[in-house]
Amino acid sequence: MKMKLPLGTKVFFLTFLLLLFCNLITCILVSVFTPQTYSAYLTDSLNEKVYDFLEKAKTLPIKDSVSLLENLAQSPDIISISLTDQSGTPVSFPSEENVSETAMTTVSDDFPENYTFQSYDLSFADKKDCTLFVYGSSEPVRQLQEAFRKLFPWLLLFTTLVSLLFSFFYSRIVTGLQRDIEKEKQLKKERTAFFSAASHELKTPVTIVKGQLEGMLLNVGVYKDREKYLARSLEVIGSLETMIQELLISSHLDAPDYRLHSGPVDLAQITRARLSLAEDLLTGKRLTVHTDMEEALSVKGDLALLEKAVDSLVCNAVFYSPKDSDIFISLKCSGNDALFRIENTGVHIPEDILNKIFEPFYRGEQSRSRQTGGSGLGLSIVQKILNMHGSACQARNTENGVCFTFRLPRENFT
């Protein structure tokens, strides 16, 4: 069975394996080529000294070259030197005691285990076609290789830890980018759906008004009663105007440069003001409003936006409540927050659509929405406003009706 791993996990493992492989290859190459490079450096250094000696020896007889030979033999990277003629016979120097330690033609037992030697063609002013043998120590190269072998486990541990840390942070960055991309895709999808729904919602009233006006202009059928259908057209245009206003509000809230103007807001005062405006409708439907709101309880937020949110929730409760029913509104302290609650009785929302009612243009009952003149944007705007305040509106069915609640931080809490 093929396991599907999250993108972050895939990026982490792939990045870790790639970095670990690259680091291992780097360590191996360094451990192999650094000793070789160092060995080549020692050889070049030795050649530079020997070539300098060879150039000077060309102009001197062999007896005057002993001091130059001694200086060459005393170099720290030279173990021993020897000189032979063209037949391979060792060449003796006039001052034999001065070069007794260096004039060697064979490798002795006291030589180190690791050494190298090179031969050079040498000519003196009085003796031609000689061969100079120079024995150098390769012990520094061996020590360097041994140091790399001891250091390799620590290098491996260090590179593993670095690879893990880099892979972790890189996977977090990639995962964040993926979330941003998915969020942008979702926003684009929501915008497309929003404008599609808006076009459909705007088309319906425009079609109705157009049909009524054409009927009245042609003076056909029921449209001969122009007073009646002009009033209906005006009513449809009123609902169309409301929808356009709410579209503008929704678009304004979605603007990236929109900023809240926070300050103390009295939700109780806002609620009473809205109930006062709806007094005629409350009387006409014989609705009874029960309020239980604490005084001097202010919340921190944008006054204009919270007025719109409370207004939408109150209107929603009034419009959708059947006649002779009750509406309960409460505002209480709840820890550091203020809890706002509004319940309209006598009606329920099907459980399967409770999580959809905050979507733009969603209507659980199309006929009821048209009857009350709802645009389908009210609850969507409420949710946007509360989200901008770090809160959210919750909807649930109660025993007697439907309840909407939200929390906001208290302004005067200390």
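Chains are numbered independently. Their residues run from 1 in the order of the written sequence. Residue-level local features of this predicted model are given only where pLDDT is at least 70; pairs of side-chain atoms are given and counted only at 80 or more, and the full residue set underlies all totals for whole chains, interfaces and linings. Remark: hydrogens and water are excluded; side-chain values derive from all non-hydrogen atoms of the structure.

A short note on the pairing of strand β6 (residues 298-302)
Right, on to step 1. Taking burial as the measure, the five residues of β6 include four buried ones, the bulk of the element.
Right, on to step 2. For two strands to be treated as a pair, DSSP must find at least two bridges joining them. A helix here means a DSSP run of H or I that spans at least four residues, while a strand means a run of E at least two residues long, and both kinds are numbered starting from the N terminus. The pairing of strand β4 (residues 262-266) with β6 spans five bridges and is antiparallel. Of the residues in β6, the one forming a bridge with S262 is D302. Burial status follows relative accessibility: with a 1.4 Å probe on protein chains alone, a residue under 20% of its type maximum counts as buried, one over 50% as exposed, and anything between as partly exposed.

Here's the deal with the sheet that holds strand β5 (residues 288-293)
Sheet strands associate in pairs through backbone hydrogen bonding, adopting either a parallel or an antiparallel arrangement.
Right, on to step 1. The strand order across the open sheet built from five strands is β5-β7-β8-β10-β9, with neighbouring strands paired in mixed fashion. Edge strands, defined here as strands with exactly one partner in the open sheet, are β5 and β9 (394-397). Averaged over all pairs of adjacent strands, the angle between their axes in this sheet comes to 15°, without regard to strand direction.
Right, on to step 2. Two strands pair when backbone bridges link them, and β9 and strand β10 (residues 401-409) are joined in this way by four bridges, in the antiparallel orientation. In the strand pairing of β10, R396 is matched with C403.
Right, on to step 3. For this analysis, residues touch if any pair of their heavy atoms sits within 4.5 Å. Axis geometry follows a simple rule: fit a line to the C-alpha atoms, using only the stretch in contact for helices, then measure angles between N-to-C directions, giving values from 0 to 180 degrees. The strands that helix α7 (residues 303-320) touches are β7 (326-334), β8 (337-345) and β10; relative to β8, the one it contacts most, it runs at about 20°.

Quick notes on the side chain of Q383
Right, on to step 1. Within the secondary structure, Q383 sits in helix α9 (residues 378-388).
Right, on to step 2. Overall, Q383 belongs to the buried group, its relative accessible area being 15%.
Right, on to step 3. Apart from the residues lying within four places of it in its own chain, the contact partners of Q383 are F358, A392 and C393.

Topic: α9
Right, on to step 1. Most of α9 is tucked away: nine of the 11 residues are buried.
Right, on to step 2. Regarding α9, the residues found buried are G378, L379, S380, I381, V382, Q383, K384, I385 and L386.
Right, on to step 3. On its buried face, α9 sits against α4 (226-254), α7 and β10.
Right, on to step 4. At the C-terminal side of α9, G390 shows a positive phi close to 75°.

Notes on the environment of E359
Right, on to step 1. Its place among the elements puts E359 in the loop between β8 and α8 (366-372).
Right, on to step 2. Classification of E359 as partly exposed rests on a relative accessible area of 39%.
Right, on to step 3. Sequence separation of E359 and G376 is 17 residues, and the distance between their C-alpha atoms is 8.2 Å.
Right, on to step 4. Non-local contacts of E359, meaning those with residues more than four positions away in its chain, are made with G376 and S380.

Digging into the packing of helix α1 (residues 7-57) against helix α2 (residues 66-73)
For any two helices packed against each other, the geometry comes down to the angle between their axes and how far apart the axes lie.
Right, on to step 1. Close contact between α1 and α2 brings their axes to 11 Å; oriented N to C, the two are set at 180°. The angle between α1 and α2 falls in the class roughly antiparallel. In contact with K49, V50, F53 and K56 of α1, α2 contributes L68, L69 and L72.
Right, on to step 2. Residues are grouped as follows: nonpolar covers Ala, Val, Leu, Ile, Met, Phe, Trp, Tyr, Cys and Pro; charged covers Asp, Glu, Lys and Arg; every other residue, Gly included, is treated as polar. Residue classes in the contact of α1 with α2 are distributed as five nonpolar, no polar and two charged. Any angle that falls under 35 degrees is termed roughly parallel, while one over 145 is termed roughly antiparallel, one within 65 to 115 roughly perpendicular, and all others oblique.

Structural measurements only, silent on function.
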